[in-house]
Protein chains: 2
Amino acid sequence: MEKVDIISVGMTRFGKHPEKTGRDLILEALLETIKNVDKGIDIKKEVEALFVGYFTPTFYEHQAHYGPLVTEWLGISGIPAFRTESACASSSAALSAGFFAISSGIYDVVIVIGVEKMTTLDTSEVTDALAVAADDIFDLSTGITFPGLFALMAQEYFQKYGENWENLQAVTIKNHYNGSLNSKAQFQNTISSIAKKTALKKGCSFKNDLDFLNSQFNPFVAYPLRLYDCAPISDGAAIAILANSKISKRFTDKPIHIIGIGIGTDSLALANRPDLTTSRAVINSSNAAYKMAKVGPKNIDVAELHDCFSINEVLLSEDLGFFEKGHGLVAIKEGRTSLQGDIPINTDGGLKSKGHPVGATGIAMIHEIWLQLRGEAGSRQIKGNPRIGLTCNVGGSSASSFVFIFEN
Amino acid sequence: MEKVDIISVGMTRFGKHPEKTGRDLILEALLETIKNVDKGIDIKKEVEALFVGYFTPTFYEHQAHYGPLVTEWLGISGIPAFRTESACASSSAALSAGFFAISSGIYDVVIVIGVEKMTTLDTSEVTDALAVAADDIFDLSTGITFPGLFALMAQEYFQKYGENWENLQAVTIKNHYNGSLNSKAQFQNTISSIAKKTALKKGCSFKNDLDFLNSQFNPFVAYPLRLYDCAPISDGAAIAILANSKISKRFTDKPIHIIGIGIGTDSLALANRPDLTTSRAVINSSNAAYKMAKVGPKNIDVAELHDCFSINEVLLSEDLGFFEKGHGLVAIKEGRTSLQGDIPINTDGGLKSKGHPVGATGIAMIHEIWLQLRGEAGSRQIKGNPRIGLTCNVGGSSASSFVFIFEN
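Conventions used here
- Residues numbered from 1 in each chain as written.
- Chains lettered and ligands numbered in written order.
- Predicted model: local features only at pLDDT ≥ 70, side-chain atom pairs only at ≥ 80, totals over all residues.
- Heavy atoms only, no water.
- Helix = DSSP H or I, 4+ residues; strand = E, 2+ residues; numbered from the N terminus.
- Expected span 1.5 Å × (residues − 1).
- Buried < 20%, exposed > 50% of the residue type's maximum accessible area, 1.4 Å probe, protein only.
- Contact = heavy atoms within 4.5 Å.
- Buried area = accessible area lost by both parts, 1.4 Å probe.
- Salt bridge = Lys/Arg side-chain N within 4 Å of Asp/Glu carboxyl O.
- Polar contact = N/O pair within 3.5 Å; in protein donor to acceptor, adjacent residues only side chain to side chain.
- Least-squares fit on C-alpha atoms with pLDDT ≥ 70 in both.
- Lys, Arg positive; Asp, Glu negative; His and termini not counted.
- Core = buried A, V, L, I, M, F, W, Y, C linked by side-chain atoms within 4.5 Å.
- Patch = residues over 30% accessible without salt bridge, like charges linked within 9 Å, V, L, I, M, F, W, Y side chains within 5 Å.
- Areas by Shrake-Rupley, 256 points an atom, 1.4 Å probe, with all protein chains shown as cover.
- Phe/Tyr/Trp six-rings, centres within 6.5 Å; stacked < 30°, edge-to-face > 60°.

Caption draft 1: Representation of helix α1 (residues 22-35) of chain A in the model. Compared with an ideal rise of 1.5 Å per residue, which puts 14 residues at 20 Å, α1 of chain A spans 20 Å between its outermost C-alpha atoms and is within 8% of the ideal. Three or more residues of α1 of chain A are buried, namely G22, R23, L25, I26, A29, L30, E32 and T33 of chain A.

Structure below.
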């Protein structure tokens, strides 16, 4: 089994890009990725294959078959390429395909891409596009969409562990703070600054962040989840270049090693799960990744978790073994997952603040781990020379999960 | 690099299955696949991952995220799974992912699936669903759809090589004959028998097959291509189980070895190709597969080629090196690709007669090669103990291509 390194990453800013198609976003991200290869790369000569994750291009661009589309658009037509899909974890599936391909020894250098161009549609249409990540027969036929699915998880969590929505706001407040330090984030404002601006504009006042989040300016989306518990609709692309460890030093003296990979699934239909506060997909994928990397949750220095809704950061942090079941929210409130904490989570602002162009999210997580493990995350760089990072990117209601572990 | 075998295959009959969803078709195909494992298999214990190719499930079933959907429906929820897409080659992409994964040594036994449930939509809606395999900006904006794209290729071929539509009918006649011997085919009638039935019903007569094919009963779809030059709209699923060669004997004494794999791309937009009678995707993929397998076109005993339109069987047979450019049609007319020929092509009836549920097609091709190389193809079994088989499955206007070479 060949070892696999990441030799570069790049991404667009996440947000609204009305002037750009999916392929344009990819090109922008690629230009940065090439620039980030420390010793340079000639992609026409070196890249042997390409895998691209894009959840629902047919909805947004009336387009599929993104493999040949992208190789052509990037000027490397001819090489092997195909698209992968696992809902919001589509680009983690692309990274998996690229990892397998290099690990097998068939290819040495591979580009993996994540992209989603969502703002061509309005919110109700995007809700429908996202809904195909749930079970059309057993979930959607009840009338539920994704905010509702995660609201059910939140309700069960609150009931089972005596938690509440007020405590959950620690996730939103932390992630908006981290996002305020990230020039690639869709939202670069702390909740405090948003509250201050709203107060000025509306001629009212708030006692603190929670007072603002509990106001009419944070309306319910699906009880108990409110607007600021939900990741936004975004456009964006993110790219990583993978190489066989044997040759990665040709491109950089600071490659990041992929030391663990795990994939798992749970029932797509939420009704078929015995416990909504845990996902077998996450548990199986993390167990496999820990085993392969020969590390445990205690060895992780920094992590990116899929906070499509605030509650999910809590659920994942527990299923990954960072905290005991029912104790995740306490740990977040205590600051243990902040930039100064013992296990910083979503240092880039997470999906909530950085944005969530769903197909791009998996590789954008890796973009952040790459920066943190190389000590290049600027004002949000965590201290203590982090050595091991983890990403957990899930699809739908955590019905699929991809966990990667990285070492510098 | 671990070696990879196919230990079993299975498929539904292709055609209309109004009573079955995509997941039902997969379940039906899996039951046959399990039955076809010579020494039996316990899929709950043995299968470690699953990859599923389905081109446009969102159009047909308002559903994506087929990875966890399928693992749940087959009773193996929890294992790694994701979907692959490369238009009509989506399940060859699934096979590629499965091949890479076993070849890397990460998994030992993997299920790869192809499926498409198309008849939920009417013909104009299916035409739109298929159209997303072309370039939305540079192809579709001209008003063209797939019959038109392949009609342009046919016109250029006829002009360049002095060929004509009458000669092209050799493909249709051969494939309908082969399909008449295949109980899994959507159409199990020779052109002669269709002509005879039509003559009886309409009170007219035809001198021969060509006379019928040249009549009003074979209307133009996109000049010069007519109805019988086009593969039909179909439902269906096909499955293969892959295993590391080191353990495949646990499941069967007659595994089929995958000795070559090649993937290639060409420009998605047809306008960007200098020559419409050839595809760089097909050439690159076959070169890679031949090199890996250490064989050439002369060593191939039987092949399955992607005849989505009759002209494409000709183009592929030339790009694969079976015949010189411009000589493919002559060879087919001479019977060299018939069941008794020196290089039998599409012994199962091809996409034309067997049917073309696009996501399922790649693995259905492998189903046929499996039967032929094991000597189990019944009345259509080719003589001489075929040893090496090839599949060429393309996406869209051959903008992506997957070539696999198998040995018994």
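Caption draft 2: Structural detail: the interface of chain A and chain B. Between chain A and chain B, the contact holds 66 residues from the first and 65 residues from the second. Between chain A and chain B lies a buried interface of about 4700 Å² when both sides are counted; carbon and sulfur atoms form 58% of it. D135 of chain A is the partner of R23 of chain B in a salt bridge, and the nearest nitrogen-oxygen pair spans 3.0 Å. Counting across the chain A and chain B interface gives 41 residue pairs in polar contact (both at pLDDT 80 or more). When residues of the side of chain A that touches chain B are traced back to their parent elements, those giving at least two are α3 (57-61), α4 (66-73), β3 (81-85), α5 (90-103), α6 (123-131), β8 (256-265), α11 (280-293) and β11 (400-407) of chain A.

Caption draft 3: Seen up close, the relation of the copies chain A and chain B. Aligned on chain B, chain A shows an RMSD of 0.0 Å; the corresponding rotation is 180° and the shift along the axis is 0.0 Å. Within this description, the copies of the chain are treated as partners about a two-fold rotation axis. Minimal C-alpha separation from the rotation axis in chain A is found for S104 of chain A, amounting to 1.8 Å.

Caption draft 4: Layout of helix α7 (residues 146-161) of chain A. The terminal C-alpha atoms of α7 of chain A lie 23 Å apart, and with 16 residues this matches the ideal 22 Å at 1.5 Å per residue to within 8%. Taken from the residues just after α7 of chain A, G162 of chain A is the one with a positive phi, measuring 65°.

Caption draft 5: Summary view of the side chain of D5 of chain A. All names here are of chain A. With respect to the secondary-structure elements, D5 resides in strand β1 (residues 4-11). It is K249 that comes nearest to the buried, bridge-free D5 among opposite-charge side chains, at 7.2 Å. For D5, the side chain forms a polar contact with the side chain of S245, separated by 2.9 Å. Of note is the side chain of D5, whose polar atom sits 2.7 Å from the side chain of H257. When neighbours within four sequence positions are excluded, D5 is seen to be in contact with I241, L242, A243, S245, S248, P255, I256, H257 and I258.

Caption draft 6: Region of interest: the environment of I363 of chain B. Residues and elements named next belong to chain B. Structurally, I363 is set in helix α15 (residues 358-374). Along the sequence, I363 and G378 sit 15 residues apart, while their C-alpha atoms lie 19 Å from each other. Filtering out sequence-adjacent residues up to four positions away, I363 remains in contact with S91, V112, I113, G114, A238, I239 and A240.

Caption draft 7: Main features of the pattern of salt bridges. Under the counting rule described, the total for this entry stands at 44 salt bridges over all chains. With a closest N to O distance of 3.2 Å, K254 of chain A and E376 of chain A form a salt bridge. On the criterion of sequence distance, the pair formed by K254 of chain A in the loop between β7 (235-244) and β8 and E376 of chain A in the loop between α15 (358-374) and β10 (388-395) is long-range, its members being 122 residues apart. On the basis of relative accessibility, which here comes to 38%, the residue K254 of chain A falls in the partly exposed class. Taking the shortest distance from any N to any O, the salt bridge between E407 of chain B and R387 of chain B comes out at 2.4 Å.

Caption draft 8: Looking closely at the nonpolar core. Among the nonpolar cores identified, the biggest contains 86 residues, and I6, F51 and F100 of chain A together with I6, F51 and F100 of chain B are the most heavily contacted of them. Once you skip the residues sitting within four places of it in the chain, F100 of chain A turns out to touch I261 and I263 of chain A together with F51, A97, F100, A101, S104, I106 and Y107 of chain B. Within the second largest apolar cluster, 81 residues are counted, among which are C88, V126, I144 and M365 of chain B.

Caption draft 9: Up close: the side chain of N393 of chain A. All names here are of chain A. Assignment of secondary structure puts N393 in strand β10. A polar contact is formed between the side chain of N393 and the side chain of S92, at a distance of 2.7 Å. Only 3.0 Å separates the side chain of N393 from the side chain of H306, close enough to count as a polar contact. Ignoring anything within four residues of it in the chain, the contact list for N393 reads C88, A89, S92, H306, T361, G362, M365, S400, S401 and F402.

Caption draft 10: View of a nonpolar patch on the surface. On the surface, a cluster of nonpolar side chains totalling about 430 Å² of accessible area is made up of L27, L31 and W73 of chain A together with I137 and F138 of chain B. Looking at L27 of chain A, the relative accessible area reads 30%, which means it is partly exposed.

Caption draft 11: Region of the structure containing the packing of aromatic side chains. Here the structure, examined in full by the defined rule, presents 28 aromatic pairs over all chains. Between the aromatic rings of F100 of chain A and Y107 of chain B, the centroid separation amounts to 5.8 Å while the plane-to-plane angle is 70°, which identifies the pairing as edge-to-face. In this pair, F100 of chain A sits in helix α5 while Y107 of chain B sits in the loop between α5 (90-103) and β4 (109-117), so the two residues belong to two different chains. We classify F100 of chain A as buried; its relative accessible area is 0%. Using a relative accessible area of 10% as the deciding quantity, one classes Y107 of chain B as buried.

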